[in-house]
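Okay, here's what each chain looks like letter by letter:
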Amino acid sequence: MALVEAELDQRWPETKIEPTLTRIATLMDLLGSPQQSYPAIHVAGTNGKTSVTRMIDALLTALHRRTGRITSPHLQLATERISIDNAPISPAKYVATYRELLPYVEMIDKQSAAASGPAMSKFEVLTGMAFAAFAEAPVDVAVVETGMGGTWDATNVIDGQVAVITPIGLDHIDYLGPDLTSIAKEKAGIIKRVPDSVVPRDNVAVIAEQEPEAMEVLLRRAVEVDAAVAREGAEFRVLARQIAVGGQQLELQGLGGVYDEIFLPLHGEHQARNAVLALAAVEAFFGAGAQRRLDVDAVRAGFASVTSPGRLERVRNAPTIFIDAAHNPAGARALAATLTTEFDFRKLVGVIAVLGDKDAAGILAALEPVFDEIVVTTNGSPRALDVETLSDLAVQRFGDERVVTATTLPDALETAIAMAEEVGEQGEMVSGAGVVVTGSVVTAGATRALFGKDPA
């Protein structure tokens, strides 16, 4: 596994894309087009993609379908990216699949080099591995999360009969464009006309609430490819939500009717909205409508089984420690809102490590109202923003007295725990204190590993 990862890391990183699907399409052709051997639900957007993908997977499983799932990036181990039956493939299967594809990959590398092009990227190879593994399983349906963008994302060699667009925000602007309109155009590329087949199929775009300029782009794309549209707030919505122990209780208006008494073991209004988006996607996949509702008990069971590691995940009690993969201002605002409305900490300490290509100032601004103090650090990634730069940004927002630095993530956690457990003026410990580790998917994954959590 380590050798395979070392080989893959020599390829183009996932943060570098080229506007072409030629290499991944060629690989699929050489493999016999495995991505065409099963139907798919394709998920793009800026925030909530992984949670929505995992919810769709859980619902399909509860409805007795064998699933293959692609998510990215991984938190701890690369095998998390390729799941079958709701579980990551084994390291042995990961390595075997890579070795089986390698001769074809090397052939494409040579062809591309002869045309003065790059070798296949790491993400392209991983995507090919996933589609091949799904065909071999075989799965009944693939649930595919894009890596970045949509039109030129390697996963877009699949023709999803349902395209799901989560909320679109400003992220990856160096690669996708400087504004919501241009970013939405890239995401909209997964909404496609369904190819002609013996059995006619509808193509449906299931769209979360968006800023007007983003929604206009998405709807225009749907018209261009003759896709039916289901929109949050119009065709489906969250009717009610109540905070519950370990999550929330929901009432959801789906495409086929109302689904009540839904327990979702995740926190936050944003997760409730992710849930109804996932529900509508699965309804669209099965052709549910006004006169055809999914089995309510199966829907309840599916949502109750949902996990989303690294998304406001509790990893310790006394003091309470949560980890959250918020890596952009929108994600940080959702985290802050959830901490404010669903928890009552007397003192909250943040541990923050951010990657260098992210909007660190925007993340800090979103989190400042909810953290009493923060510890800024690095998550160990070569792409991480250095501690000194992050500290300077934090001091500008929080002030000197509320910012502490630590050179490593373990040191930062130890410092934050000590800060949370500080005794008061009368010598008593502050009760109701907590620690939240956030700022990056990499930060969340590294923290999970420190607390002994298995990849999921």
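On a predicted model such as this, the values are computed, not experimentally measured, just so you know.

## Regarding the overall build of the protein chain
For step 1, the next point in the chain: Looking only at helices and strands, the protein chain features 15 helices and 17 strands.
For step 2, the next point in the chain: Here the C-alpha atoms of the protein chain give a radius of gyration of 22 Å, agreeing with the 23 Å that 2.2 N^0.38 yields for 456 residues.
For step 3, the next point in the chain: With respect to the principal axes defined by its C-alpha atoms, the protein chain has extents near 75 × 55 × 40 Å.
For step 4, the next point in the chain: Within the protein chain, buried positions represent 55% of all 456 residues.
For step 5, the next point in the chain: Taking the intrachain contacts of the protein chain between residues at least 6 apart in sequence as the baseline, contacts between residues at least 24 apart amount to 73%.

## Digging into the environment of Q161
For step 1, the next point in the chain: For Q161, the position within the fold is in the loop between β5 (141-145) and β6 (162-165).
For step 2, the next point in the chain: Among the residues examined, Q161 registers a relative accessible area of 12% and is labelled buried.
For step 3, the next point in the chain: Expressed as a C-alpha distance, the spacing of Q161 and V204, which sit 43 residues apart in the sequence, is 6.3 Å.

## So, the pattern of salt bridges
Side chains that differ in charge, positive against negative, can pair when their charged atoms come close.
For step 1, the next point in the chain: Here the structure, examined in full by the defined rule, presents 26 salt bridges.
For step 2, the next point in the chain: Salt-bridge contacts for D297 lead to R300; the nearest nitrogen and oxygen are separated by 3.2 Å. Note that D297 and R300 are positioned in helix α10 (residues 296-304) at a spacing of three residues, about one turn of the helix.
For step 3, the next point in the chain: Among the charged side chains, a salt-bridge network with shared partners connects E5, D9 and K122.

## Some thoughts on the sheet that holds strand β17 (residues 433-438)
For step 1, the next point in the chain: The six strands lie next to each other as β12-β13-β17-β14-β15-β16, forming an open sheet whose pairing is mixed. Each edge of the sheet is formed by a strand with only one pairing partner; in this case those strands are β12 (313-316) and β16 (403-405). Between one strand axis and the next, the sheet turns by 25° as a mean value, whatever way the strands run.
For step 2, the next point in the chain: Examined bridge by bridge, strand β15 (residues 373-376) and β16 share three bridges and lie parallel to one another. Note that in β16 the partner of I374 across the bridge is V403.

## Considering the sheet that holds strand β9 (residues 237-244)
For step 1, the next point in the chain: Strand order across the open sheet formed by three strands is β9-β10-β11, with antiparallel pairing between neighbours. Since the sheet does not close on itself, it has two edges, and those belong to β9 and β11 (258-264), each with one partner. This sheet shows a mean twist of 15° between the axes of neighbouring strands, independent of strand direction.
For step 2, the next point in the chain: Across seven bridges, the pairing between β9 and strand β10 (residues 247-253) is antiparallel. Looking across to β10, one finds that Q242 is bridged to Q249.
For step 3, the next point in the chain: The sheet contacts of helix α9 (residues 269-286) involve β9, β10 and β11, and relative to β10 the element is tilted by about 45°.

## Observations concerning empty space enclosed by the protein
For step 1, the next point in the chain: Counted by the stated rule, this structure contains four cavities of 30 Å³ or more.
For step 2, the next point in the chain: When its volume is computed, the largest cavity comes out at roughly 160 Å³.
For step 3, the next point in the chain: What lines the largest cavity is a set of 18 residues, and nearest its centre among them are K16, I17, S121, F123 and A154.
For step 4, the next point in the chain: For the lining of the largest cavity, the secondary-structure elements that each account for two or more residues are α2 (22-30) and α5 (122-136).
For step 5, the next point in the chain: Looking at the lining of the largest cavity residue by residue, the classes come out as nine nonpolar, three polar and six charged.
For step 6, the next point in the chain: The space that makes up the second largest cavity amounts to roughly 110 Å³.
For step 7, the next point in the chain: Looking at the lining of the second largest cavity, its residues break down into five nonpolar, three polar and four charged.

## Some remarks on the layout of surface pockets
For step 1, the next point in the chain: One number sums up the size of the second largest pocket: a volume of about 260 Å³.
For step 2, the next point in the chain: Along its surface, the second largest pocket is lined by 15 residues, and P265, L266, L312, E313 and R314 are the ones closest to its centre.
For step 3, the next point in the chain: When its residues are assigned to classes, the lining of the second largest pocket shows six nonpolar, four polar and five charged.

## As for the packing of helix α3 (residues 49-62) against α10
For step 1, the next point in the chain: α10 packs onto α3 with a crossing angle of 135° between their chain directions and a minimal axis gap of 8 Å. Here α10 runs oblique to α3, going by the angle between their axes. Regarding α3 and α10, the two cross each other, and that crossing is right-handed. Of the residues in α10, those in contact with M55, A58, L59 and A62 of α3 are A298, V299, G302 and F303.
For step 2, the next point in the chain: Of the residues assigned to the contact of α3 with α10, the class counts are seven nonpolar, one polar and no charged.

## Regarding the nonpolar core
For step 1, the next point in the chain: Within the largest apolar cluster, 43 residues are counted, with the highest numbers of intra-cluster contacts made by I56, L60, V164, V206 and F303.
For step 2, the next point in the chain: If one sorts the elements of this core by residue count, α9 sits on top with 12 residues.
For step 3, the next point in the chain: Sequence-distant contacts of V206, that is, excluding residues within four places in its chain, are made with V162, A163, V164, I165, A230, F236, L277, A280, A281 and A284.
For step 4, the next point in the chain: In this structure, L101, F131, V139 and V144 belong to the second largest nonpolar core, which totals 35 residues.

## Details of the pairing of strand β1 (residues 40-44)
The two faces of a sheet get side chains in turn, since along a regular strand they alternate between them.
For step 1, the next point in the chain: Here β1 lies mainly inside the structure; five of its five residues are buried.
For step 2, the next point in the chain: Neither face of β1 is exposed, since A40, H42 and A44 on one face and I41 and V43 on the opposite face are all buried.
For step 3, the next point in the chain: Taken together, the four bridges between β1 and β5 define a ladder with parallel strand orientation. Bridge pairing links I41 to V143 in β5.
For step 4, the next point in the chain: Of the strand pairs in this sheet, β1 and β6 are connected by four bridges, and their pairing is parallel. Bridging from a neighbouring strand, I41 pairs with V162 of β6.

## Quick look at a nonpolar patch on the surface
For step 1, the next point in the chain: Together, L30, Y104 and M107 make up a nonpolar patch on the protein surface, roughly 240 Å² of accessible area in all.
For step 2, the next point in the chain: Along the polypeptide, Y104 turns up in helix α4 (residues 91-114).
For step 3, the next point in the chain: On the basis of relative accessibility, which here comes to 32%, the residue Y104 falls in the partly exposed class.

About the criteria used
- Residues numbered from 1 in each chain as written.
- Predicted model: local features only at pLDDT ≥ 70, side-chain atom pairs only at ≥ 80, totals over all residues.
- Heavy atoms only, no water.
- Helix = DSSP H or I, 4+ residues; strand = E, 2+ residues; numbered from the N terminus.
- Rg over C-alpha atoms; globule rule 2.2 N^0.38 Å.
- Buried < 20%, exposed > 50% of the residue type's maximum accessible area, 1.4 Å probe, protein only.
- Contact = heavy atoms within 4.5 Å.
- Salt bridge = Lys/Arg side-chain N within 4 Å of Asp/Glu carboxyl O.
- Pairing = 2+ DSSP bridges.
- Axes fitted to C-alpha atoms, helices over the stretch in contact; angles between N-to-C directions.
- 1 Å grid on protein atoms, 1.4 Å probe; cavity = no way out; pocket = protein on both sides within 12 Å on 5 of 7 lines; lining within 4 Å.
- Points joined across faces, edges and corners; volume = space filled by probe spheres on them.
- Nonpolar A, V, L, I, M, F, W, Y, C, P; charged D, E, K, R; others polar.
- Parallel < 35°, antiparallel > 145°, perpendicular 65-115°, else oblique.
- Left-handed = near helix turned anticlockwise from the far one by under 90°.
- Core = buried A, V, L, I, M, F, W, Y, C linked by side-chain atoms within 4.5 Å.
- Patch = residues over 30% accessible without salt bridge, like charges linked within 9 Å, V, L, I, M, F, W, Y side chains within 5 Å.
- Areas by Shrake-Rupley, 256 points an atom, 1.4 Å probe, with all protein chains shown as cover.

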